[in-house]
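Given next are the chains, with one letter for each unit.
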Amino acid sequence: SVLLYQKPNRDICQSGTSLKIQCVADSQVVSMFWYQQFQEQSLMLMATANEGSEATYESGFTKDKFPISRPNLTFSTLTVNNARPGDSSIYFCSSSLTRDGEVFFGKGTRLTVV
Amino acid sequence: SQWGEENLQALSIQEGEDVTMNCSYKTYTTVVQWYRQKSGKGPAQLILIRSNEREKRSGRLRATLDTSSQSSSLSITGTLATDTAVYFCATDNYAQGLTFGLGTRVSVFP
């Protein structure tokens, strides 16, 4: 299995500021994924991050707004730029050890933008 | 959307009862996964069922997959209060991340 540690667990930030969310895996993984979940809603895939390459973003998510770094096989950061109240949600990182294998999620980062 | 409108639902049942939740998907997938998310936690994978499998069991859980109708179901037998959670189905886009269904909120009362 893969354990994914996210930091911070929760944060409150002012509109217009930026927030960085870290995800650390306890073993090397090829792909890391970032998801957004609004209150009482499903999870939405934001982007896929592979080591040493630019993240691939899903429709509705952009590099300028949500830059993602993946400097090595155990680490990724998601930044929320120019945060707005509409960005208030829970952000999860996720990964798996094998393709089509069990998928693991971090505990999430609850972001509130005021 | 990848998912049909019938995914969103909430179910309230008594402990000991069985429950089945369904989802349907619109585009081809090789894998359907079922997740449970408890309040304040991240999703936890329950069952992964591949396109060449019609049924998969794990303890009190049973998942089915019908590729011809592009639908899947998850059943829980003998529910416990600890089964209270939101259950999601998800398709795996060739290891390019998951597309989640809308989810089913299951509340099990003692």
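Our subject is the structure that appears above.
Residues numbered from 1 in each chain as written. Chains lettered and ligands numbered in written order. Predicted model: local features only at pLDDT ≥ 70, side-chain atom pairs only at ≥ 80, totals over all residues. Heavy atoms only, no water.

Engineer: Go over the overall build of chain A, please, and point to the residues and values.
Structural biologist: The helix and strand tally for chain A stands at zero helices and 11 strands. Counting from the amino terminus, chain A carries its helices and strands in the arrangement β-β-β-β-β-β-β-β-β-β-β. By principal-axis analysis of the C-alpha atoms, chain A measures approximately 40 × 25 × 25 Å. Partitioning the contacts of chain A with sequence separation of at least 6, the portion at a separation of at least 24 is 53%. As displayed, chain A offers around 5,700 Å² of accessible surface, 50% of which is attributable to carbon and sulfur atoms. Once the 10 positive and 10 negative side-chain charges of chain A are each reduced to a mean point, those two points are 6 Å apart. (Helix = DSSP H or I, 4+ residues; strand = E, 2+ residues; numbered from the N terminus. Contact = heavy atoms within 4.5 Å. Areas by Shrake-Rupley, 256 points an atom, 1.4 Å probe, with all protein chains shown as cover. Lys, Arg positive; Asp, Glu negative; His and termini not counted. Charge placed at Lys NZ, Arg CZ, Asp CG, Glu CD.)

Engineer: Run through the sheet that holds strand β3 (residues 19–25) of chain A, naming residues and quoting values.
Structural biologist: Residue and element names in this part refer to chain A. Read across the open sheet, the four strands follow the order β1-β3-β8-β7; overall the sheet is antiparallel. Each having just a single partner strand, β1 (4–7) and β7 (68–72) make up the two edges of the open sheet. Mean inter-strand twist for the sheet, computed between neighbouring axes without regard to direction, equals 20°. Sheet topology places β3 next to strand β8 (residues 75–80); six bridges connect them, and they run antiparallel. In the strand pairing of β8, Gln22 is matched with Thr77. (Pairing = 2+ DSSP bridges. Axes fitted to C-alpha atoms, helices over the stretch in contact; angles between N-to-C directions.)

Engineer: Would you mind going over the packing of aromatic side chains in detail, with residue names and values included?
Structural biologist: According to the stated counting rule, one finds nine aromatic pairs over all chains in the structure shown. Ring geometry for Tyr35(A) and Phe105(A): centres 5.4 Å apart, planes at 50°, overall tilted. In this pair, Tyr35(A) is assigned in strand β4 (residues 31–37) and Phe105(A) in strand β10 (residues 103–105), connecting sequence segments 70 residues apart. A single burial state applies to Tyr35(A) and to Phe105(A), both of which are buried. An angle of 55° between the planes, with centres 5.4 Å apart, marks the rings of Tyr35(B) and Phe100(B) as tilted. A residue pair is termed long-range when its members are at least 10 positions apart, and Tyr35(B) in strand β3 (residues 31–37) and Phe100(B) in strand β9 (residues 98–100) qualify at 65 residues. Exposure remark for Phe100(B): the relative accessible area of 6% places this residue in the buried category. In this structure an aromatic cluster arises from ring pairing among Tyr35(A), Phe92(A), Phe105(A), Tyr35(B), Phe88(B) and Phe100(B). The lysine or arginine in question, Lys65(A), covers the ring of Phe66(A), its NZ or CZ lying 5.9 Å from the ring centre. (Phe/Tyr/Trp six-rings, centres within 6.5 Å; stacked < 30°, edge-to-face > 60°. Buried < 20%, exposed > 50% of the residue type's maximum accessible area, 1.4 Å probe, protein only. Lys NZ or Arg CZ within 6 Å of the ring centre and 35° of its normal.)

Engineer: Before we move on, can you summarise the interface of chain B and chain A with the specific residues and values?
Structural biologist: The interface of chain B with chain A comprises 22 residues on the first partner and 18 residues on the second. Buried area between chain B and chain A, both sides added, is near 1,600 Å², and the carbon and sulfur share of it is 50%. At the junction of chain B with chain A, the criterion picks out one salt bridge. Residue Glu40(A) is joined to Arg105(B) by a salt bridge in which the shortest nitrogen-to-oxygen separation is 2.7 Å. (Buried area = accessible area lost by both parts, 1.4 Å probe. Salt bridge = Lys/Arg side-chain N within 4 Å of Asp/Glu carboxyl O.)

Engineer: Hey, could you go over the state of the cysteines for me, with residue numbers and the actual values?
Structural biologist: On inspection of all chains with the given rule, the structure shows two disulfides over all chains. Across the disulfide, Cys23(A) is cross-linked to Cys93(A) (sulfur-sulfur distance 2.0 Å). The sign of the 70° torsion about the S-S bond sets the Cys23(A)-Cys93(A) disulfide as right-handed. Placement of the pair is Cys23(A) in strand β3 and Cys93(A) in strand β9 (residues 89–96), with a sequence separation of 70 residues. As far as burial versus exposure is concerned, Cys23(A) and Cys93(A) are alike and both buried. Through a disulfide, Cys23(B) is tied to Cys89(B); the S-S separation comes to 2.4 Å. (Disulfide = S-S within 2.5 Å.)

Engineer: So what about the environment of Leu4(A)? Which residues, and what values?
Structural biologist: Residues and elements named next belong to chain A. Turning to its location among the elements, Leu4 is positioned in strand β1. Note on Leu4: relative accessible area 8%, which makes it buried. Separated by 71 residues in the primary sequence, Leu4 and Phe75 place their C-alpha atoms 9.4 Å from one another. When near neighbours in sequence (up to four residues on either side) are disregarded, Leu4 contacts Cys23, Val24, Ala25, Met32, Cys93, Ser94, Ser95, Phe104, Phe105, Gly106 and Lys107.

Engineer: Which residues make up a nonpolar patch on the surface, and what values do they have?
Structural biologist: Residue and element names in this part refer to chain A. Among the surface-exposed residues, Leu3, Tyr5 and Val24 lie close enough to one another that they form a single nonpolar patch of about 270 Å² accessible area. Following the sequence through the fold, Leu3 ends up in the segment before β1. Leu3 gets classed as partly exposed once you look at its relative accessible area, which sits at 43%. (Patch = residues over 30% accessible without salt bridge, like charges linked within 9 Å, V, L, I, M, F, W, Y side chains within 5 Å.)

Just geometry here; none of it tells us what the structure is for.
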